[in-house]
Number of protein chains: 2
Amino acid sequence: MVFLGSKMIEQAMNPDKTNCSCENCLLKSLFFTHISIDALTDICEIKQEREYNKGDIIISEGDKIKDFIYLKEGLVKLSKKSADGKDQIISFSKPFDFVSLLSIFSSEEYKYSVTAIEDSVTCNIALDIVKNMAQNNAMFAMNLMTRVSEATDHIVLDNLEIKRKHLRGRIAHILLYFSDHIYGRNEFELPISRREIAEYIGMTTENVIRTLSEFRKDKIIKIYGKDIEIVDLKRLKTIREHG
Amino acid sequence: MVFLGSKMIEQAMNPDKTNCSCENCLLKSLFFTHISIDALTDICEIKQEREYNKGDIIISEGDKIKDFIYLKEGLVKLSKKSADGKDQIISFSKPFDFVSLLSIFSSEEYKYSVTAIEDSVTCNIALDIVKNMAQNNAMFAMNLMTRVSEATDHIVLDNLEIKRKHLRGRIAHILLYFSDHIYGRNEFELPISRREIAEYIGMTTENVIRTLSEFRKDKIIKIYGKDIEIVDLKRLKTIREHG
DNA sequence: ATTACCGAATGATATTTATCATATTGGATT
DNA sequence: AATCCAATATGATAAATATCATTCGGTAAT
């Protein structure tokens, strides 16, 4: 065979990988849109893809930050253990988000944990290399900054939203979050437990369960274990806004 | 006069300013440490200093983002008006913080307001110029990113802290925040009203007042209007950690 | 001087949420 | 099949917080 395609190069460099689908992956992510084909090839040579099963820990609080990590497939939660040992969920990340959220440029180690809440695939690139790219390619640095800003912006604003709502409003909020932002449909399987919902919205597990049951009795949602169907979207949105 | 110092140049370019003390100002800020003297002079020519009195609005939610703004002197609050018209305070910024927090790179307009809670001075530089600098100077971009990350990181983690505490712990938290991070002393004048404390910690004004009174009765703090003196630091820290 | 208003303060009461107790279910393990 | 354990579920009660009412003092406006 005479023609040596980029895929073949990748396979040579990353023998444990059967393919490097960065082209698709990165194209879909606005973040990387400006990277030239050459740079793309580079990334394919140096990146590592990692697969995780639902429940697997991707990053543990306190881990040294070695890689720049972004989510190619799946869904993850960012969480932090508080002094009294309780977990608090900071946010969720979906594909093309950076798992490496804020701390990567301001800290040596992660201040939060990242856990797969659905089967997930990450792309890992050594942080040194990303920093190097940023220093040699100001457009890249700008785009990176923009994306990091967007992500954190969203976390801060979302937290504010939740803060001003009561129990029912918070439950409505997270149901609509999964429905609108993650799954894009009215029926979906909750990727997290009632306890994790509680850890995210800052209420107790019992009250989360009770409220979901209320919504069911009020015929706003249907519940089959983790499967949720939003029946009365309008009312759920009203509850989100006005309790 | 033969010698034409940089200060004279600045005065010529910015006739409304009597001096351009960027050298000091910027040196103190880690962010700008890498900028060469030449770049410094440039900034002096293009920046604008603005003075605000306590209570003045620096940025209104929805304003177009035109400038990169950082705080040279004073103290400001970042806040957002929620759908039902209530203000929520996101965070406070002290000198050498960026007032232009997250949104500057990810949005066309501010998603929050910025208000002086002490007499303040800002340095404003057209955003285009800063973006240009970032594109031509990758180190600058990296430092900028690092600083933005640090700031937002802090907001997110601080919010988590507050979220897991009860009323008394939240009050202890904010008192110690002002004492430790802003003023560096055990007695200080609260820069904000009881209502604003409530808007920050997410409780009602009445409960803020009641709790402060409790702390006074328990001889943990002394209160003279807005003047606060922390008398029993140890106990206040215990309350912050364990309620 | 008078009025009006806002921040601070306090108490009584109502509402919201947490805690505790107890079942039930379903999955994993032996 | 038996056992264990975690998640889900529900009710009763306790605790935390909000709401409402009222007062006091300062200060800005008329």
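Conventions we followed
Residues numbered from 1 in each chain as written. Chains lettered and ligands numbered in written order. Predicted model: local features only at pLDDT ≥ 70, side-chain atom pairs only at ≥ 80, totals over all residues. Heavy atoms only, no water. Helix = DSSP H or I, 4+ residues; strand = E, 2+ residues; numbered from the N terminus. Buried < 20%, exposed > 50% of the residue type's maximum accessible area, 1.4 Å probe, protein only. Contact = heavy atoms within 4.5 Å. Areas by Shrake-Rupley, 256 points an atom, 1.4 Å probe, with all protein chains shown as cover. Buried area = accessible area lost by both parts, 1.4 Å probe. Salt bridge = Lys/Arg side-chain N within 4 Å of Asp/Glu carboxyl O. Polar contact = N/O pair within 3.5 Å; in protein donor to acceptor, adjacent residues only side chain to side chain. Near = heavy atom within 4 Å. Phe/Tyr/Trp six-rings, centres within 6.5 Å; stacked < 30°, edge-to-face > 60°. Lys NZ or Arg CZ within 6 Å of the ring centre and 35° of its normal. Nonpolar A, V, L, I, M, F, W, Y, C, P; charged D, E, K, R; others polar.

1. Considerations on the overall build of chain A
Okay, so step 1: A tally of regular secondary structure across chain A gives nine helices and eight strands.
Okay, so step 2: Here chain A holds 243 residues, and the buried ones make up 50% of them.
Okay, so step 3: Counting contacts in chain A only where the partners sit at least 6 residues apart, residues at least 24 apart contribute 69% of the total.
Okay, so step 4: Of the roughly 11600 Å² that chain A leaves accessible, carbon and sulfur atoms contribute 50%.

2. With respect to the interface of chain A and chain B
Okay, so step 1: If you look at the interface, chain A gives 36 residues, while chain B gives 36 residues.
Okay, so step 2: For the pair chain A and chain B, the summed buried area comes to about 3400 Å², and 68% of that belongs to carbon and sulfur atoms.
Okay, so step 3: Counting across the chain A and chain B interface gives four salt bridges.
Okay, so step 4: D84 of chain B is the partner of R164 of chain A in a salt bridge, and the nearest nitrogen-oxygen pair spans 3.7 Å.
Okay, so step 5: For the interface between chain A and chain B, the tally reads eight residue pairs in polar contact (both at pLDDT 80 or more).
Okay, so step 6: Contributions of two or more residues to the side of chain A that touches chain B are made by strand 4 (87–93), helix 4 (127–136), helix 5 (138–163) and helix 7 (194–201) of chain A.

3. Details of the protein's contact with DNA strand C
Okay, so step 1: Not every one of the 17 residues close to DNA strand C is listed here, only the nearest: N207 and R210 of chain A together with R194, R210 and S213 of chain B.
Okay, so step 2: Backbone atoms, meaning sugar plus phosphate, form 63% of the atoms of DNA strand C positioned within 4 Å of the protein.
Okay, so step 3: Between DNA strand C and T204 of chain A there is a distance of 3.3 Å, counted from a phosphate oxygen to a backbone nitrogen or oxygen.
Okay, so step 4: One of the side-chain N or O atoms of R210 of chain A is found 2.9 Å from a base oxygen in DNA strand C.
Okay, so step 5: Broken down by secondary-structure element, the contributors of at least two residues to the surface near DNA strand C are helix 8 (205–217) of chain A together with helix 7 (194–201) and helix 8 (205–217) of chain B.
Okay, so step 6: The biggest single contributor to the surface near DNA strand C is helix 8 of chain B, with five residues.

4. Concerning the packing of aromatic side chains
Aromatic ring pairs are described here by two measures, namely the spacing of the ring centres and the angle between the planes.
Okay, so step 1: Under the criterion given, the structure shown has 16 aromatic pairs over all chains.
Okay, so step 2: The interplanar angle of 45° and the centroid separation of 6.4 Å between the aromatic rings of F178 of chain A and F188 of chain A together place this pair among those described as tilted. With F178 of chain A in helix 6 (residues 167–183) and F188 of chain A in strand 6 (residues 187–189), this pair connects stretches of sequence that are 10 residues apart. For the pair formed by F178 of chain A and F188 of chain A, the shared burial category is buried.
Okay, so step 3: Seen from their ring centres, Y183 of chain A and F188 of chain A are 5.5 Å apart, and the 10° between their planes marks the pair as stacked.
Okay, so step 4: One aromatic cluster is present, built from ring pairs that chain together F92, Y177, F178, Y183, F188 and Y200 of chain A.
Okay, so step 5: Seen from the ring of Y200 of chain B, K163 of chain A lies directly overhead, with NZ or CZ sitting 5.9 Å from the centre.

5. Remarks on the protein's contact with DNA strand D
Okay, so step 1: As a matter of local geometry, DNA strand D sits amid 17 residues, with R194, R210 and S213 of chain A together with N207 and R210 of chain B nearest to it.
Okay, so step 2: A distance of 3.2 Å separates a phosphate oxygen of DNA strand D from a polar atom in the side chain of T204 of chain B.
Okay, so step 3: For the surface near DNA strand D, the secondary structure elements donating two or more residues are helix 7 and helix 8 of chain A together with helix 8 of chain B.
Okay, so step 4: Ranked by residues supplied to the surface near DNA strand D, first place goes to helix 8 of chain A with five residues.
Okay, so step 5: Each residue belonging to the surface near DNA strand D can be placed in one class, and the counts come to three nonpolar, six polar and eight charged.

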